[in-house]
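Commentary on secondary and tertiary structure
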Amino acid sequence: MSTTVEEREQIKYKPNDFKSDQDVRWCPGCEDYAILKAFQTALAEIGIAREKHAVISGIGCAARLPYYMTTYGFHTIHGRPIPVATGVKVANPELSVWVMTGDGDAISIGGNHLIHVMRRNVDINILLFDNRVYGLTKGQYSPTSDRGTVNKSAPMGTIEEPAEPLALALASGATFVARTSAAYVKHLVELIVEAHKHKGTSFIHIYQNCYVYNDGVFDQFTEKDVREDRNIVLEHGKPLLFGKNNDRGLKFKDGRIEIVEFKSGNPPDDITVYDETNLSLALSLSRLYWPEYPVPMGIFRRVQQPTFEDSIQAQIKRAKEKLSPDINRLLYSGDVWEVK
Ligand SMILES: Cc1ncc(C[n+]2csc(CCOP(=O)(O)OP(=O)(O)O)c2C)c(N)n1
Ligand code: SF4
């Protein structure tokens, strides 16, 4: 018996309801599996009908993800998932639109689109799988690779400063910006659910281990025994504290971040309280990195602004009311001539 969308919306989904019949083709040990699992878990929690989601990707290992979902999906071309997703959202604002992209796809060839989607505030959700390497094409360095990375495409080490995706997103005007690691699945699920709730472009930067071509690049701060000392979790309205022994915090003063050490459990009053609407604070935190600083995770920025598709719909409505559309009048207006 067939069911209506409304009836299906009442169904309580389980993560496996979002699993397609396709064989997952990532290498054994790849953290893309963890992101897929987190995404399926989050969509089950979000609970809207499967056909109300569209998952769009470019090309790369990360970009295979739409095949593994029982939602709508489109595996497009390298670097172009964002323009396609923008078109999908503008044409059908009812859809929840997701972009699955790698650091090559989003920051190299697709970097321009990333800037402009954020500036426009299209209500789509972008998950950046950052493994700091081109996985699909067998291990060339990417724009997020650390300076000095040695691999087949840089046998003597890269000589470039890496791009910082979060700083790029913040500077481009993104209204929801977050970071986590594929090693923190529960946190990733929470961020995906929050991204879905946000109206406007949501950007989640995910550190993702490529087991084959760049294994262990994030281990220094994501391994279980060091996490608490080498990460700091940002929470709106809460002081910036970290450390297994609850004995360190961050102070934001005169545009700079300072680490403050204190007696366990006794933070001084001048530890900065996180404010997800403070752009300068978010930008300063986006540049912190281990070993000088703990690596920040969580929601860096969340603000409400008009979305691109709402503004388009409003403008179409105003134009219709004001201009009483007439296609013939349009075609024969201005510089029109007949070729005989
Ligand atoms: C126009 C174009 N240029 C280059 C390529 C080759 N290519 C395919 S995937 C890729 C990079 C993949 O890296 P990333 O986006 O970081 O994803 P990952 O495979 O690491 O998940 C490149 C350069 C292509 N398919 N199309
Ligand atoms: S090449 Fe790397 S990113 Fe691609 S599937 Fe294999 S482990 Fe994952």
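The present account deals with the structure reproduced in this document. (Residues numbered from 1 in each chain as written. Chains lettered and ligands numbered in written order. Predicted model: local features only at pLDDT ≥ 70, side-chain atom pairs only at ≥ 80, totals over all residues. Heavy atoms only, no water.)

A word on the site of ligand 2. With respect to spatial proximity, the complete set of residues near ligand 2 consists of Trp26, Cys27, Cys30, Cys61, Asn131, Gly135, Gln208, Cys210, Tyr211, Val212 and Tyr213. For the shell around ligand 2, the class distribution of residues is 8 nonpolar, 3 polar and no charged. (Near = heavy atom within 4 Å. Nonpolar A, V, L, I, M, F, W, Y, C, P; charged D, E, K, R; others polar.)

Strand order across the open sheet formed by 3 strands is β10-β11-β12, with antiparallel pairing between neighbours. Either end of the sheet is taken by a strand with one partner, and the two such strands are β10 (241–242) and β12 (256–261). With 2 bridges joining them, β10 and strand β11 (residues 248–253) adopt antiparallel strand pairing. Looking across to β11, one finds that Phe242 is bridged to Arg248. (Pairing = 2+ DSSP bridges. Helix = DSSP H or I, 4+ residues; strand = E, 2+ residues; numbered from the N terminus.)

The subject of this paragraph is a negative patch on the surface. On the surface, a cluster of negative charge is made up of Asp215, Asp219, Glu223 and Asp225. Following the sequence through the fold, Asp219 ends up in helix α8 (residues 219–222). (Patch = residues over 30% accessible without salt bridge, like charges linked within 9 Å, V, L, I, M, F, W, Y side chains within 5 Å. Areas by Shrake-Rupley, 256 points an atom, 1.4 Å probe, with all protein chains shown as cover. Salt bridge = Lys/Arg side-chain N within 4 Å of Asp/Glu carboxyl O. Lys, Arg positive; Asp, Glu negative; His and termini not counted. Charge placed at Lys NZ, Arg CZ, Asp CG, Glu CD.)

Attention shifts here to the pairing of β12. Here β11 runs beside β12; their pairing, made up of 6 bridges, is antiparallel. Within the sheet, the bridge partner assigned to Phe252 lies in β12 and is Ile257.

For the rest of this paragraph, the subject is the environment of Asp105. Here Asp105 lies in helix α4 (residues 103–109). Its relative accessible area of 3% is what places Asp105 among the buried residues. When the C-alpha atoms of Asp105 and Lys238 are compared, they prove to be 35 Å apart, with 133 residues separating the residues in sequence. Setting aside chain neighbours within four positions, we find Asp105 in contact with Gly58, Ile59, Ile77, His78, Gly79, Pro81 and Gly110. (Buried < 20%, exposed > 50% of the residue type's maximum accessible area, 1.4 Å probe, protein only. Contact = heavy atoms within 4.5 Å.)

Okay, the sheet that holds strand β13 (residues 295–302) next. To summarise the sheet geometry, strands pair through backbone hydrogen bonds and adopt either a parallel or an antiparallel arrangement. Taken in spatial order, the 8 strands make up an open sheet running β2-β1-β3-β4-β8-β7-β13-β9, and their pairing is mixed. The outermost strands of the open sheet, each flanked by one partner alone, are β2 (72–75) and β9 (231–234). On average, adjacent strands in this sheet sit at an angle of 20 degrees to one another, irrespective of strand direction. Here strand β3 (residues 96–102) pairs with strand β4 (residues 125–130) via 5 bridges, running parallel. Among the inter-strand pairings, Thr101 is bridged to a residue of β4, identified as Leu128. (Axes fitted to C-alpha atoms, helices over the stretch in contact; angles between N-to-C directions.)

Let's shift gears to helix α10 (residues 279–286). Along α10, the residues that are buried comprise Leu281, Ala282, Ser284, Leu285 and Ser286. Where α10 is buried, its residues touch α6 (165–171), β7 (176–181), β9, β11, β12 and β13.

As a further point, take the packing of aromatic side chains. Counted by the stated rule, this structure contains 8 aromatic pairs. Seen in terms of ring centroids, Phe39 and Trp98 are 5.1 Å apart; in terms of plane orientation they differ by 70 degrees. Their pairing is edge-to-face. Placement of the pair is Phe39 in helix α2 (residues 32–46) and Trp98 in strand β3, with a sequence separation of 59 residues. Grouping residues by exposure puts Phe39 and Trp98 together as buried. Within the aromatic cluster, the residues linked to one another by ring pairs are Tyr207, Phe218, Phe221 and Tyr289. (Phe/Tyr/Trp six-rings, centres within 6.5 Å; stacked < 30°, edge-to-face > 60°.)

You can see Thr272 is positioned in the loop between β12 and α10. Owing to a relative accessible area of 14%, Thr272 belongs among the buried residues under this scheme. In this view, Thr272 contacts Lys238, Pro239, Leu240, Leu250, Lys251, Phe252 and Leu281; residues no more than four positions away in its chain are not counted.

So, on to the environment of Gly200. For Gly200, the location among the structural elements is in the loop between α7 (185–197) and β8 (202–207). For Gly200, the contacting residues outside a window of four places in its chain are Asn121, Val122, Asp123, Ile124, Thr175 and Thr307.

Residues in contact with ligand 1 amount to 16 residues; listed here are only the nearest, Cys61, Gly104, Asp105, Gly135 and Leu136. Ala62 is positioned such that a nitrogen or oxygen atom in its backbone is 3.0 Å from an oxygen atom of ligand 1. Elements supplying a minimum of two residues to the shell around ligand 1: α4 and β5 (133–134). No other element matches the 4 residues that α4 contributes to the shell around ligand 1. Its residues assigned to classes, the shell around ligand 1 shows 7 nonpolar, 7 polar and 2 charged. (Polar contact = N/O pair within 3.5 Å; in protein donor to acceptor, adjacent residues only side chain to side chain.)

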